[in-house]
Each structure stands twice: as structure tokens, then as C-alpha cells.
Amino acid sequence: MKKSLHKDSNYSQDSGQAGLPLYLRGPYSSMYVGRPWTIRQYSGFSTAEESNQFYKNNLQQGQKGLSVAFDLPTHRGYDSDNPLVSGDIGKAGVAIDSVEDMKILFHEIPLDQMSVSMTMNGAVIPIMAFYIIAAEEQGVGQHQLKGTIQNDILKEFLVRNTYIYPPGPSLRLISDIFSYCKVNMPKFNTISVSGYHMHEAGAPADLEIAYTIADGLEYLQTGINAGLKVDEFAPRISFFWGIGMDFFTEIAKMRAARYLWSETVKSFNPQNPHSLRLRTHSQTSGWSLTAQDPLNNLTRTFLEATAAVFGGTQSLHTNSYDEALALPSDFAAKLARDTQLILQNQTHITEAIDPWSGSRIIETKTKEIYQKARKHIQEIEELGGMAKAIEQGFPKMKIEEAAALRQAEIDQNKYKIVGVNILNERESYSTEVRSIDNNVVLESQKVKLKALKQNRNRHKLQDALDQLRNAAISNNDNILEKAVIAARCRATLGEISQVLEQVYGRFKATNQMVSNIYGNAMKKQINYQKAQKLCNEFEKKYGRRPRILIAKLGQDGHDRGSKIIASSFADIGFDVDLGPLFQTPRQAARQAAENDVHFLGISSLAGGHNSLVPETIKALQEQGTPDIKVILGGVIPEQDHKLLYDKGVFMIFGPGTNLVDAAKKILSPYLN
């Protein structure tokens, strides 16, 4: 890996001018004075038909660009009719199985005029191919397409886990997208390097920008290794930050990131100053939203959005207040979008360029974050770059340690959250939330897939898939180019992904958890000591320590919650088994039985609990282990609790739960 940080590099307090390297004050000289940031709400759910109508409504009410959320089976390269993924169809995004779905998704939305962002990494090849053909059949040429594909696979191995292939082949796919778009899609941004998911997984500001920029440097080297010149693709790399509640830190983080990227890219000797320019999308934090007093999330989102704007974002998504409960309702989504319209039209924020420049607190924090981030990047480079560091598990462990420490601070009331650990004696009130009927979406997708397969030329399709396979085996042909041919022949997302999987294999991560981070921070807390005492009493009464299996069911790879539960419960005194990602209900039940656990803890964030959890309980009963108690945690709408309890769930814990209190509540019935 080419060294990108020189030992004599130093942060300068001279802010310089916006629009000029090192871009500390912003990537454009006029910033919002000339044009405000783009309102780009990330959305997608259920079927392409429903999402299309949702997009058109949003565009009519002031949204300026589209940002597509795909469901988890789509991310993981499975068609909707694959029995492995039935519980996740249409839940956390829109189900896209083919070109026909993509055409419906953008029906009556002119792709020659609309900038489209697509959050896709694992199944990036078929999704790009479907988008290209959908535009083609709308009469729009590839050279006219504007937008961004996330295409950031390294962060999937770090935190989000919606990968398909191993790191090496995944980087090959990225380089082929770079090459293809250089020739065919000059207006399209070929990668958005995401720190958002690191932020949500627990990374503090310095780790978020350091690891994201280290990912970006790996992609630069990947493009260069593929024969591209840095100026041919670096100007079209964009970034994506998560924006939390630490107001001054978030502003400073975005300024420090621009400075650091500009400084590091210099070592690749670009001739175009735009190669040094960091442009970014931002999204307010989902992790900071609370299920308790959810209307307070309106204030949180407003403050985070303001920080993103003061930090100089180019586009912005504002989260809905009810997202700690379920997928956002139409009403909540409107309020989230209106937050940005108010900022743009009523605050005069757009009249100033980097108004915090020269502020002592902002400049000091910018320098501190920059210096810490530089050290983190140097650590990664000493390990051989981000790809090699990921193989060693180093950056993932650092993020998980930070998340465990933050949870301890919350449980000790050192990190204060209104409604969770302070000022939480409030009257409860109900909030209407969106509910997706998974079975309706599943059946709809099955019907469309069946019709698609009946009406295509099988010989042309097989020839196209053979060409795709040969391109994957060799380095002579561009994989995206062959996938476009296959998509034109109506190959499905699962079929294209399966061809590549047959060549590259499907990646399986090694699951591990941090230890003694949460416990060391909590050990002097009386409540924590009481929970440890309960574990000891359990062992005396039953002859062994309480044993729990922490499981993630379906295709939900967001594992911050499950990892924190596993590490904290182990520190408290439980024997903890951590199941692999992407388990089926039967696999989780079998592992629980084989490990002879007392409890099966299921972490759910993607809305699949109503189907996956009852299936798990049924599997426990069928194999003769009904005594294993199922505990459910995560984003579980209150309206679903009764159904789940009726199906046999032992306890349910929502966001903001104090983990020590949860451990005590679980153990108490066994010791009375």
C-alpha cells in the first residue's frame, strides 16, 4: 500500500478559502450561497410500486434527489422467492429482483433529470445493471445518468455486514465499476465511502473519519492497480457521514475530514485539484433516536441536521422521529423532510460560508480530531492498508470496544439521554407506526418473478450468464458490462449474484466479541455488582452459570446491539455464545439446543421479528427444547408485543434498555 501520510504533515490553523485545497472551509467557493444542499431522503419499502408512489409524493413536496433503500435479501444477492430470506422481503427497504422491478421503481421519474443515490454494496453489479437498462428502456442514455452508487464494500466487512463475496473479489467488482463508468457514465459518482455505518456501530468522530478515509485510500489504490489514473476517478469519489448529537464535534469532524482527505490524496500526485476535494452526503443519527418519548427525536434530528449544514454537507437525509419504533410513517417522513425545508428557507443559514471558521472551540476540535484520525490511519497503513487490517480484525475490534464503552457510560448515566437515563419519569403515549405485511410483498414478488421467467429467451439468457461467468474467472472482460447484457436478457438479481458466487464463493465472517471493556467501566457500580451476585446465586442453585445464545436471524447484519449484549452479559457473569450472522430460525434453535443454553436472545432491527421469532419458538418445540426461553431485543413496535408474547416470547427489551437491569430481570424469576 502506497504511503499517503508524510511524517512532516501538520494541521494548519489557517482555514484558507472555501473551494480551494485543502478545502477546510468547504469543497465549493460559494457553498450554499449559490445553491443549498440537496434534500435527499433515504427511503424504500415493500414493493417497487409502493416505493415509486412514495418517491413521487416526496418529490412533489420539495425533495430534490432520490436515495434508494433496498431490502436485505436484495443486498445479500437473493431473489425474493429464495426460501432462505422469506422473513425479510420488503421489510427494511424495497425488494428488487429484476429490471422489471427497477423500471417500476422509477416509473414516471425522468432519469435524465433526477439524481439517484443507491445504497448498495454486496449486490452492486446486478443493481447497477438493472438501473442502466431501466434508464435505457425509459429512453435515457447512460451518459445522461446522474447520481451515486455506494459501492463501499470494505465498510460492510467492518460494521454493516451486507457483503456477499470475499474482500479480494469484491474489490475487483469495484474496479470494474470504476472502469465501466469512466467510459459510459461520466456524470455518475462511482463510489460513496461511508462512515455513517461506523458512526452507528459506535465509532467516535476520529475513528469514523480515519477508517472511512483509509477505505477511500484502499479504493484509490484499487483503481490505480486496475490501470486507471487517479484523476480519472478520484473526483467522482464521494463520502457519507453520520451526524450525532455532539454538536460542535460533528461540525469539526466534517471540516477535519476534508482537510485530511485532501492531504492524503496529495501523495498520489493528482494533477486535478478536484481529486483532493471531499464531497459528502450526511444523515442524522439513527442510533441517537429513542423509543422513549419519540417526539423528542424531532429536536434531536433538527440539531443534527443543523450540525451537518454548518459542517458543509452537499446533501442530507433527516431521520424520522419514529424510526426507533419501526419504519417511518408518512406523517413522520413529512416532518423529517420539512425540517430541511425550514432550515433552507427560514433560517438564512445559506447566506454564510463556513460561519464557524475562526471559532476557538471549532478550530480546536477540528485540530484534535484531525490529529487523532491521522494516527489511526497510520496504524492501518502499518498493517498493510484497510483490506489487510480487516482480515486481522483490528478496526472492527476498535469500533466494538468504543461501542461497549459508550454503553457503559449510558448505563452509568455519564452519557445522558433524555427519556432514557435522565428525565424519564414521563407519561407514556402511543405513536402510530408503519407496518409492512411481509406475506403480501412476498407473494407479489413471487408472481412477478414467475411471469418474468416464463417470458424470456432462455438460450440468450444462458449465453449471457456464461459470458458473465467467464468475465469473473478472467481479468480480460469487464464484469459490469457482461452483467448489463444479462440484465437485458432479464436475468434476475439472484441469478447474476449466484454466477459470481460460484466463482468467488460467499464470505463468512469470524464472529468474536470484546471482553472486559463494559465490565471494567461498570465494576464499581452497585447495580452491576448486584447483577453479578445474581449470576453467582444462579450457579449455586442450578450447578452452572446462566448460559445465553445471542442470535441474529435472517439477513439483518446490523450487529452493534447483539455484540454489546454479548460482551456486557459475559462481563456480568453469563456464559455467552455468539451465533453467526444470517442464521435461519431452525439453525438458531439447533445451536441453542446443542449448546444447552437457558436463554436464546434474538436481536432484531430490520422488522422481521413477527415471522422469524415465532418460527424459532416452533423449532425449539419441535426439537424437544421448549424450556429454552426466548428473549427479544431491538426495534420492536409495542403493537407487536402481545402477538409475540402469545407466541411464547419470554421477555422483550426495546432500545435504551439498561443492560444491567435487563440481566437482573432475566435472572430474577429463576431465583425467587
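Scroll up a little and you will see the structure.
From a predicted model like this one, the values you see are computed outputs, not experimental measurements.

A. Structural view of the environment of asparagine 58. Here asparagine 58 is to be found in helix H1 (residues 48-60). Taking the relative accessible area as the measure of exposure, asparagine 58 reaches 5% and is therefore buried. The spacing of asparagine 58 and isoleucine 548 is 490 residues in sequence and 44 Å in space, taken between C-alpha atoms. Residues contacting asparagine 58, with those up to four places away along its chain left out, are Ser43, Gln63 and Arg337. A distance of 2.9 Å separates the side chain of asparagine 58 from the side chain of arginine 337, its partner in a polar contact.

B. Region of the structure containing a nonpolar patch on the surface. On the surface, a nonpolar cluster with roughly 230 Å² of combined accessible area is contributed by Met245, Phe302 and Leu303. Mapped onto the secondary structure, leucine 303 falls in helix H11 (residues 297-311). With a relative accessible area of 35%, leucine 303 lands in the partly exposed category.

C. Up close: the environment of glutamate 137. Inspection of the secondary structure puts glutamate 137 in the loop between helix H4 (124-136) and strand S5 (146-149). According to the relative accessible area criterion, glutamate 137 is partly exposed, its value standing at 37%. Sequence spacing of glutamate 137 and lysine 530 is 393 residues, and the spatial spacing of their C-alpha atoms is 65 Å. Setting aside its immediate chain neighbours within four residues, glutamate 137 contacts Lys103 and Arg490. Reaching out from glutamate 137, the side chain makes a polar contact with the side chain of lysine 103 at a distance of 2.9 Å.

D. Just the pattern of salt bridges, in detail. Under the definition given, this model contains 35 salt bridges. In this structure, glutamate 100 engages lysine 103 in a salt bridge whose closest nitrogen and oxygen atoms are separated by 3.9 Å. Here glutamate 100 and its partner lysine 103 are both found in helix H3 (residues 99-105), three residues apart, which amounts to about one turn of the helix. The salt bridge partner of glutamate 137 is lysine 103, with a shortest N-O separation of 2.9 Å. With a gap of 34 residues between them, glutamate 137 in the loop between H4 and S5 and lysine 103 in helix H3 connect regions that are remote in the sequence. Using a relative accessible area of 30% as the deciding quantity, one classes lysine 103 as partly exposed. Salt bridges linked by common partners bring Arg25, Arg255, Asp354 and Glu363 together as one network.

What counts and what doesn't
Residues numbered from 1 in each chain as written. Predicted model: local features only at pLDDT ≥ 70, side-chain atom pairs only at ≥ 80, totals over all residues. Heavy atoms only, no water. Helix = DSSP H or I, 4+ residues; strand = E, 2+ residues; numbered from the N terminus. Buried < 20%, exposed > 50% of the residue type's maximum accessible area, 1.4 Å probe, protein only. Contact = heavy atoms within 4.5 Å. Polar contact = N/O pair within 3.5 Å; in protein donor to acceptor, adjacent residues only side chain to side chain. Patch = residues over 30% accessible without salt bridge, like charges linked within 9 Å, V, L, I, M, F, W, Y side chains within 5 Å. Areas by Shrake-Rupley, 256 points an atom, 1.4 Å probe, with all protein chains shown as cover. Salt bridge = Lys/Arg side-chain N within 4 Å of Asp/Glu carboxyl O.

By themselves these figures say nothing about function.
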